[in-house]
Amino acid sequence: DGGITQSPKYLFRKEGQNVTLSCEQNLNHDAMYWYRQDPGQGLRLIYYSQIVNDFQKGDIAEGYSVSREKKESFPLTVTSAQKNPTAFYLCASTRAYRGGSNYGYTFGSGTRLTVV
Amino acid sequence: QKEVEQNSGPLSVPEGAIASLNCTYSDRGSQSFFWYRQYSGKSPELIMSIYSNGDKEDGRFTAQLNKASQYVSLLIRDSQPSDSATYLCAVGGDTGRRALTFGSGTRLQVQP
């Protein structure tokens, strides 16, 4: 079955440490996204990519980095510059933006990151 | 910054009733509108999309869009306890940003 896989499900980060969250999709989707969700809050956009080797900053990109070397993969690195990284991180994918309309996302199951 | 506003709730309805969830958005150029359901601790699941003014029905769900009023709503008929979740409104499709903007969600509680 096609889908989008995030790993790990739970991740613990020590102060000053960089960690990388994995996101892989086999839906042949062009576009991929990273969102962050804090308790009781909506989703805030970190980074997104419409095509391989290209990505754009979202609303809260500071302290995060991404790469898009393959269509199927869009890993997110949470760097030590991100001072409050504890949150639920969601990766999503969709078909490419066309004609003024977005398509609905398929989400992965998420990674819950905690600073220890 | 583009905004999507939802009442956080909780919205409490009895089993079998109609639940009505509302969403307003600030960007008049928005073209695509989505409703996601999110159970506690889980990732969002797409339940409805709507692109044109009017109503769109899918089973017990009806999405309503009024672009002039910048308003989108979701009706859930014959509400079930399993519908208890947070419902996220998402808006996109403007020319500047090719990603969805999400509201903070409305928590729905369906009482047996």
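Here is a short report on the structure shown in this document. Since this is a predicted model, take the numbers as computed values, not measurements.

## Quick notes on the packing of aromatic side chains
Inference 1: A complete count under the given rule lists 13 aromatic pairs over all chains for this structure.
Inference 2: Centre to centre, the rings of A:Tyr33 and A:Tyr48 are 6.0 Å apart; their planes meet at 15 degrees, and the pair counts as stacked. Pair noted here: A:Tyr33 is in strand β4 (residues 31-37) and A:Tyr48 is in strand β5 (residues 43-51), with a separation of 15 residues, a long-range link.
Inference 3: Classification of A:Tyr33 by relative accessible area gives buried; the value is 1%.
Inference 4: Between the aromatic rings of A:Tyr35 and B:Phe102, the centroid separation amounts to 5.2 Å while the plane-to-plane angle is 80 degrees, which identifies the pairing as edge-to-face. Remark: B:Phe102 occurs in strand β10 (residues 101-102) and A:Tyr35 occurs in strand β4; the pair is interchain, linking two chains. Note on accessibility: A:Tyr35 and B:Phe102 belong to one class, buried.
Inference 5: Among the aromatic residues, those joined into a cluster by ring pairs are A:Tyr33, A:Tyr35, A:Tyr48, A:Tyr105, A:Phe107, B:Tyr36 and B:Phe102.

## Looking at the interface of chain B and chain A
Inference 1: Between chain B and chain A, the contact holds 24 residues from the first and 24 residues from the second.
Inference 2: At the boundary of chain B with chain A, total buried surface from both sides reaches about 1,800 Å², with 52% on carbon and sulfur atoms.
Inference 3: Three residues, B:Arg97, B:Arg98 and B:Phe102, lead the burial of chain B against chain A; their summed loss comes to 30% of the area buried on that side.
Inference 4: On inspection of chain B and its partner chain A, the count reaches five residue pairs in polar contact (both at pLDDT 80 or more).
Inference 5: Partitioning the side of chain B that touches chain A into residue classes produces nine nonpolar, eleven polar and four charged.

## Regarding the state of the cysteines
All names here are of chain A.
Inference 1: Within the structure shown, the criterion is met by two disulfides over all chains.
Inference 2: The disulfide partner of Cys 23 is Cys 91, and the S-S distance across this bridge is 1.9 Å. On the sign convention where negative means left-handed, the S-S torsion of about -75 degrees between Cys 23 and Cys 91 marks this disulfide as left-handed. Taken together, the positions of Cys 23 in strand β3 (residues 19-25) and Cys 91 in strand β9 (residues 87-94) put the pair 68 residues apart, joining distant regions of the chain.
Inference 3: We classify Cys 23 as buried; its relative accessible area is 1%.
Inference 4: Cys 91 gets classed as buried once you look at its relative accessible area, which sits at 0%.

Procedures and definitions
- Residues numbered from 1 in each chain as written.
- Chains lettered and ligands numbered in written order.
- Predicted model: local features only at pLDDT ≥ 70, side-chain atom pairs only at ≥ 80, totals over all residues.
- Heavy atoms only, no water.
- Phe/Tyr/Trp six-rings, centres within 6.5 Å; stacked < 30°, edge-to-face > 60°.
- Helix = DSSP H or I, 4+ residues; strand = E, 2+ residues; numbered from the N terminus.
- Buried < 20%, exposed > 50% of the residue type's maximum accessible area, 1.4 Å probe, protein only.
- Contact = heavy atoms within 4.5 Å.
- Buried area = accessible area lost by both parts, 1.4 Å probe.
- Polar contact = N/O pair within 3.5 Å; in protein donor to acceptor, adjacent residues only side chain to side chain.
- Nonpolar A, V, L, I, M, F, W, Y, C, P; charged D, E, K, R; others polar.
- Disulfide = S-S within 2.5 Å.

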